[in-house]
Each structure stands twice: as C-alpha cells, then as structure tokens.
Amino acid sequence: MTRQTEGDRRTRESQTSWFHFYGNDRSTESKIRALERWRSSPSEMYIAWPTIALAVIGQGRVDGKITPEEESIVVGKLLGHWALESTLQAAANCVAPVPTPTRPCGCHGLQ
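Computed from a prediction, not measured in an experiment: that's the story for all the values here. In this numbering scheme, every chain counts its residues from 1 along its sequence in written order. Reporting of local features is limited, given that this is a predicted model, to residues whose pLDDT is at least 70; pairs of side-chain atoms are given and counted only at 80 or more, and all residues count toward the totals for whole chains, interfaces and linings. Only hydrogens and water are set aside; all other atoms, that is, all heavy atoms of the structure, feed into the side-chain values.

Caption draft 1: Focus on the overall build of the protein. Only DSSP runs of H or I covering at least 4 residues are called helices, and only runs of E covering at least 2 are called strands; the numbering of each starts at the N terminus. Within the protein, the regular secondary structure consists of 6 helices and 0 strands. Secondary structure of the protein in N-to-C order comes out as α-α-α-α-α-α. In what follows, residue pairs with any heavy atoms lying within 4.5 Å of each other are defined as contacts. By sequence separation, contacts in the protein at least 24 residues apart represent 54% of the contacts at least 6 residues apart. Total accessible area on the protein stands at roughly 7700 Å², and carbon and sulfur atoms take up 60% of it. Here the accessible surface of atoms and residues is derived via Shrake-Rupley with a 1.4 Å probe, and residues count as covered only by protein chains that are part of the display.

Rendered as structure tokens:
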C-alpha cells in the first residue's frame, strides 16, 4: 500500500470538484451554480478547496441565497471537517510502515 501525499489527494479532489465543473471560472455566476449544485449534493462541498467553499458560501450570503443561520451552520461543519481531515492526515503521515518479516533465506515466504 502506498501512502497518498497531500498533493496527490488535492489533485484528485480538484478533478472531482470545482475545476472539473467550472475550470478556472471563478465568476459570481459560477459560484451561484456551485451553491445550487451543493444544495442537491452537499458532499461535493466537502471536497472543494477551502477557499473555494468559503467564496461560494460568501457569495450565496451576499446574494441572499443563504441565511446567516445557514451560513453559520455550514461554515461550522466545514471547519470541523477540515480540522478532522488534517488531523487524520497528520497522524497517517506519522505512522511508520510495518516491516515485512523475512526468512533466513531472504525471501518473504508465501504471498
């Protein structure tokens, strides 16, 4: 099993989130489309880059599409998700690989 680097994970995520659907378009219209999409599929919000997620939520708030209460709840959930994700990633990076026992002949036995 190979360890996934932060860069690998973010590359994979960006292909399934913002850039996959909107490219480099960070216009107001694309943020509103993202907000509408996230309302029907909230899990997509969690794989978006934090700056993008907060920009989309902020745009929704400015346009009156999100109430202050909704904004507070969603941002709180996202912050909790990102904190847990970074903690788990840091812990995974600290785990040393378990050595495979070898036989006196140098082979690893049946695999």
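Caption draft 2: Structural view of the confidence of the model for the protein. With 64% of its residues at a pLDDT of 70 or more, the protein has an overall mean of 79. Within the protein, no element has a lower average pLDDT than helix H1 (residues 6-16), which sits at 51, and none a higher one than helix H5 (residues 50-62), at 93. One number per residue, pLDDT, summarises how confident the predictor is, and it ranges from 0 to 100.

Caption draft 3: Spotlight on the nonpolar core. Ranked by size, the top nonpolar core spans 12 residues in total: Ala34, Leu35, Trp38, Met45, Ala48, Ile52, Ala53, Val56, Ile57, Ile66, Leu78 and Trp82. Of all the elements in the fold, those that place two or more residues in this core are helix H3 (28-40), H5 and helix H6 (68-94). Take this core: its biggest share by element is 4 residues, from H5. For the purposes of this section, nonpolar cores are sets of buried Ala, Val, Leu, Ile, Met, Phe, Trp, Tyr and Cys residues that join through side-chain atoms within 4.5 Å. Think of it in three bands: with a 1.4 Å probe and only protein chains considered, a residue is buried below 20% of the maximum accessible area for its type, exposed above 50%, and partly exposed in between.

Caption draft 4: Structural view of the pattern of salt bridges. Throughout this description, the term salt bridge denotes a Lys or Arg side-chain nitrogen within 4 Å of a carboxyl oxygen of Asp or Glu. This model, assessed by the stated rule, comprises 3 salt bridges. With its nearest N and O atoms 2.7 Å apart, the salt bridge here joins Arg37 to Glu44. Of the residues examined, Arg37 reaches a relative accessible area of 31% and is grouped as partly exposed.

Caption draft 5: Highlighting H3. To estimate the expected span of a helix, count its residues, drop one, and scale the result by 1.5 Å. In this model, H3 (13 residues) spans 19 Å end to end at C-alpha, consistent with the 18 Å of a helix rising 1.5 Å per residue. Among the residues making up H3, those that are buried are Ser30, Lys31, Ile32, Ala34, Leu35 and Trp38.

Caption draft 6: Just the packing of H3 against H5, in detail. Angles here are taken between N-to-C directions and fall from 0 to 180 degrees, while the axes themselves are lines fitted to C-alpha atoms, restricted in helices to the stretch in contact. Interhelical geometry of H3 versus H5 gives an angle of 95 degrees and a closest axis separation of 9 Å. Overall, the two elements H3 and H5 adopt an arrangement that is roughly perpendicular. Across the interface between the two elements, Thr28, Lys31, Ile32, Ala34, Leu35 and Trp38 from H3 touch Ile52, Ala53, Ala55, Val56, Gln59 and Gly60 from H5. The residue makeup of the contact of H3 with H5, split by class, is 8 nonpolar, 3 polar and 1 charged. Any angle between 65 and 115 degrees counts as roughly perpendicular, while under 35 counts as roughly parallel, over 145 as roughly antiparallel, and the rest as oblique. Classes in brief: Ala, Val, Leu, Ile, Met, Phe, Trp, Tyr, Cys and Pro nonpolar; Asp, Glu, Lys and Arg charged; the others, Gly included, polar.

Caption draft 7: A look at H5. For H5, with 13 residues, the first-to-last C-alpha span of 18 Å sits near the 18 Å given by 1.5 Å per residue. Positive phi shows up at Gly64, right after H5, with a value of about 75 degrees.

Caption draft 8: Region of interest: the packing of H5 against H6. At a minimum axis separation of 10 Å, H5 and H6 run at an interaxial angle of 175 degrees. Taken together, the axes of H5 and H6 lie roughly antiparallel to each other. On H6, the residues touching Pro50, Ala53, Leu54, Ile57 and Arg61 of H5 are Pro68, Glu71, Val74, Val75, Leu78 and Trp82. Class assignment for the residues of the contact of H5 with H6 results in 9 nonpolar, no polar and 2 charged.

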